[in-house]
Amino acid sequence: MKKLREGDNIVLADGQDHMKGKMFRIGHLGYFTDSDLEQTLDAVERHLKELGYRG
């Protein structure tokens, strides 16, 4: 999450309560486009690969 926030200006948050560590939430301030969501998920995928995740 730190790499995305500092390197890509993308804010993710951890899950709440029993979902903590099992999911993430994408922060946004109102309107966003399909392209915004696609860019966010592409960045998440890129950073997961950098960290060795192969799922």
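Computed from a predicted model, the values in this text were never measured in an experiment. (Residues numbered from 1 in each chain as written. Predicted model: local features only at pLDDT ≥ 70, side-chain atom pairs only at ≥ 80, totals over all residues. Heavy atoms only, no water.)

Before going further, it helps to examine the side chain of Thr 40. If you trace the backbone, Thr 40 turns up in helix α2 (residues 34–50). Assessed through its relative accessible area of 10%, Thr 40 is described here as buried. Excluding anything up to four places from it in sequence, Thr 40 contacts Ile 10 and Ile 26. (Helix = DSSP H or I, 4+ residues; strand = E, 2+ residues; numbered from the N terminus. Buried < 20%, exposed > 50% of the residue type's maximum accessible area, 1.4 Å probe, protein only. Contact = heavy atoms within 4.5 Å.)

A word on the side chain of His 47. Mapped onto the secondary structure, His 47 falls in helix α2. Within polar-contact distance, the side chain of His 47 engages the side chain of Glu 50 at 3.1 Å. Here His 47 is in contact with Lys 3, Leu 4 and Asp 8, once residues within four sequence places are set aside. (Polar contact = N/O pair within 3.5 Å; in protein donor to acceptor, adjacent residues only side chain to side chain.)

Our focus in this paragraph is the pattern of salt bridges. In the structure shown here, the tally under the stated rule is two salt bridges. Notably, a salt bridge pairs Asp 8 with Arg 46, separated by 2.8 Å at the nearest N-O pair. In this pair, Asp 8 is assigned in helix α1 (residues 2–8) and Arg 46 in helix α2, connecting sequence segments 38 residues apart. Under the relative-accessibility criterion, Asp 8 is labelled partly exposed at 26%. A relative accessible area of 38% places Arg 46 in the partly exposed class. Note that Lys 49 is salt-bridged to Glu 45, the shortest N-O span being 3.6 Å. Of this pair, Lys 49 and Glu 45 both sit in helix α2, separated by four residues, roughly a single helical turn. Glu 45 sits in the partly exposed class, given a relative accessible area of 42%. (Salt bridge = Lys/Arg side-chain N within 4 Å of Asp/Glu carboxyl O.)

For α2, which comprises 17 residues, the first-to-last C-alpha distance of 24 Å matches the rise-based estimate of 24 Å (1.5 Å per residue) to within 8%. Those residues of α2 that fall on the buried side of the exposure criterion are Thr 40, Ala 43, Val 44 and His 47. In a view along the axis of α2, the buried residues occupy a sector of 100°, so they form one face of it. In this structure, α2 carries Asp 34 and Glu 38 as exposed residues pointing more than 90 degrees from its buried face. (Expected span 1.5 Å × (residues − 1). Arc of directions from axis to C-beta.)

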